[in-house]
Amino acid sequence: MNLRATPFHARAAEANRGNDWIERNGSTLARVYTDAADEALAARVRGVLADISWRWRVMIEGARAGEFVSHFLTRDASRLEPGMALKALWLNDGGGVRGAGAIARYGRESFLLVSAAEDRAWIASAASRFGVSLRDVADGGLALIGLHSAEILKEAGFDVALDPLTFRKLFWRGLDVTVSRFGEHGGYEIWCAPDDGIILWDWLMRAGYGFGLQPAGTEAMDILDLEAGVARPGRDYRPARDGFASTPTPKSLGLEKLIEITHQHFNGRSAYLAAHETRMLIGLEIDAARPAPHTPVMQNGKTIGHTLSSHYSPALRRAIALAIVEESAATPGTEFSLTLSPTIDTPEFQGATARAVQLPFLPVPDALDR
């Protein structure tokens, strides 16, 4: 894979004091700028700016685009008005989750799909049957998250009021930009042409100076994902890329809310309805500061599930994890035991107790702005 710098790389490199980088979808991103816990906490008490250019964005275009997205996704996006969006899944023939994302209507014959994982070949093959084409969009994107996100956006000169799952194209300071509210953490996403990335970063950081705005790396964003109860492909699970795979299921990932049962024609519907999933996604609060990613979840000496991603939550002041467990053991307050893996500081396995909690662990950082 050829790595590429995002439109904000120059500014990220200046702020990335430890030269700590990570790759996502072929883009190099700052994993941590200063301290991941501080950055995640800043999203709740002040505001953060995160580079989201790595997200896969593809325009779906053609006279039958509305018909295609209706058959392709688990919710009927053809009913959207321009400027509106919804969250949905796409399933393979066996009912397993291939992908999840936001679908936004740009015009009568055009939709934008935004996802954390690319699935171009499979979607393009399906689209070709409807005479619909895909066009990758390579704009730069910044997520502005936090208690003061609306005030910072206004200070930067974006005179725009948006409801969640809406977007607007603007002409801002001589630049074409798009402002949206698709994220799970509230706040805003601002997209621009690649050559305009430095201008956008600088204006937002200047506007946010009085509010304590700071950049946040991928690890802080992963903590916010976890606190919001959001499972991501690649990090938490492998998408069902085998054509007839039945796992992971929407229920096991906490994604059943993204399926409209009354929607009659989406791919994988019959297999999804025929499945009898006995596992579900829960949150675990761990009685330790050390995370426990991808480890068995035990109850009375029996394995009843496993954790997904796990991090120390600076807001909750303990380690937390997403976990897939048997539904019979998913009641909030139920206690489990985990094994914590060795680290350089604690070079031995250690046991810990954990309790089931309802997701999300915490509300979105900008809840008070709404």
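You'll find the structure just up there.
This is a predicted model, so every value here is computed, not measured.

Chemist: How would you explain the side chain of Arg24 if you had to name every residue and give the values?
Modeler: Here Arg24 shows up in strand β2 (residues 21–24). Looking at Arg24, its side chain comes within polar contact range of the side chain of Asp222, at 2.7 Å.

Chemist: Explain the sheet that holds strand β14 (residues 214–215) to me, using residue names and the numbers behind them.
Modeler: If you trace the six strands from one edge of the open sheet to the other, you get β11-β12-β13-β10-β4-β14, paired in mixed fashion. Edge positions in the sheet fall to β11 (167–172) and β14, since each has one partner strand and no second.

Chemist: Can you lay out the nonpolar core for me, pointing to particular residues and giving the numbers?
Modeler: Counting residues in each nonpolar core, the largest one holds 26 residues, and the members touching the most others are Leu153, Phe158, Val179, Ile190, Leu200 and Leu204. Mapped by element, the contributors of at least two residues to this core are β10 (140–145), α5 (149–155), β11, β12 (175–180), β13 (188–192) and α6 (197–207). At four residues, α6 tops the list of elements feeding residues into this core. Ignoring anything within four residues of it in the chain, the contact list for Ile190 reads Gly140, Gly141, Leu142, Leu144, Leu153, Phe158, Thr178, Val179, Leu200 and Leu204. Leu73, Ala77, Ala127 and Val132 belong to the second largest nonpolar core, which has 22 residues in total.

Chemist: Give me the lowdown on the side chain of His263, citing residues and values where you can.
Modeler: Along the chain, the position of His263 falls in the loop between α7 (218–227) and α8 (269–274). One polar contact links the side chain of His263 to the main-chain carbonyl oxygen of Ser70, over a distance of 2.6 Å.

Chemist: Outline the packing of helix α2 (residues 36–45) against α7, listing residues and values.
Modeler: Helices that pack against each other are described as a pair by the angle of their axes relative to one another and the distance between those axes. Between α2 and α7, the shortest axis-to-axis distance is 8 Å and the interhelical angle comes to 55°. Considering the angle they form, α2 stands oblique to α7. The two elements α2 and α7 meet at a crossing, and its hand is right-handed. Where α2 approaches α7, its residues Ala36, Glu39, Ala40, Ala43 and Arg44 are matched on the opposing element by Glu219, Ala220, Ile223, Leu224 and Glu227. Looking at the contact of α2 with α7, its residues break down into six nonpolar, no polar and four charged.

Chemist: Describe the pairing of β10, listing the residues and the values that go with them.
Modeler: Among the six residues that make up β10, six are buried, leaving the element largely enclosed by the rest of the structure. Burial of the side chains of β10 extends over both faces: Gly140, Leu142 and Leu144 are buried on one face and Gly141, Ala143 and Ile145 on the other. Relative to β10, strand β4 (residues 48–51) runs antiparallel, the two being bridged by four bridges. The residue bridging Asp51 from the neighbouring strand is Leu142, located in β10. Pairing of β10 with β13 involves five bridges; the strand directions are antiparallel.

Chemist: With reference to specific residues and values, describe the packing of aromatic side chains.
Modeler: By the definition in use, this model includes eight aromatic pairs. Residues Phe68 and Phe72 carry aromatic rings whose centres are separated by 5.2 Å and whose planes lie at 5° to one another, so their mutual orientation is stacked. Of this pair, Phe68 and Phe72 both sit in helix α3 (residues 65–72), four residues apart, which is roughly one turn of that helix. Take Phe68 and Phe72: they sit in the same class, and that class is buried. Seen in terms of ring centroids, Phe72 and Trp90 are 5.4 Å apart; in terms of plane orientation they differ by 35°. Their pairing is tilted. Pair noted here: Phe72 is in helix α3 and Trp90 is in strand β6 (residues 85–91), with a separation of 18 residues, a long-range link. Of the two residues examined, Phe72 and Trp90, each falls in the buried class. Each residue in the set Phe68, Phe72, Trp90 and Phe130 is aromatic and connected to the rest through ring pairs, giving one cluster. Here the basic side chain of Arg24 rests over the ring of Trp54, its NZ or CZ set 5.7 Å away from the ring centre.

Criteria and cut-off values
Residues numbered from 1 in each chain as written. Predicted model: local features only at pLDDT ≥ 70, side-chain atom pairs only at ≥ 80, totals over all residues. Heavy atoms only, no water. Helix = DSSP H or I, 4+ residues; strand = E, 2+ residues; numbered from the N terminus. Polar contact = N/O pair within 3.5 Å; in protein donor to acceptor, adjacent residues only side chain to side chain. Pairing = 2+ DSSP bridges. Core = buried A, V, L, I, M, F, W, Y, C linked by side-chain atoms within 4.5 Å. Buried < 20%, exposed > 50% of the residue type's maximum accessible area, 1.4 Å probe, protein only. Contact = heavy atoms within 4.5 Å. Axes fitted to C-alpha atoms, helices over the stretch in contact; angles between N-to-C directions. Parallel < 35°, antiparallel > 145°, perpendicular 65-115°, else oblique. Left-handed = near helix turned anticlockwise from the far one by under 90°. Nonpolar A, V, L, I, M, F, W, Y, C, P; charged D, E, K, R; others polar. Phe/Tyr/Trp six-rings, centres within 6.5 Å; stacked < 30°, edge-to-face > 60°. Lys NZ or Arg CZ within 6 Å of the ring centre and 35° of its normal.

In short, the description is geometric, and any link to function would need to be established separately.
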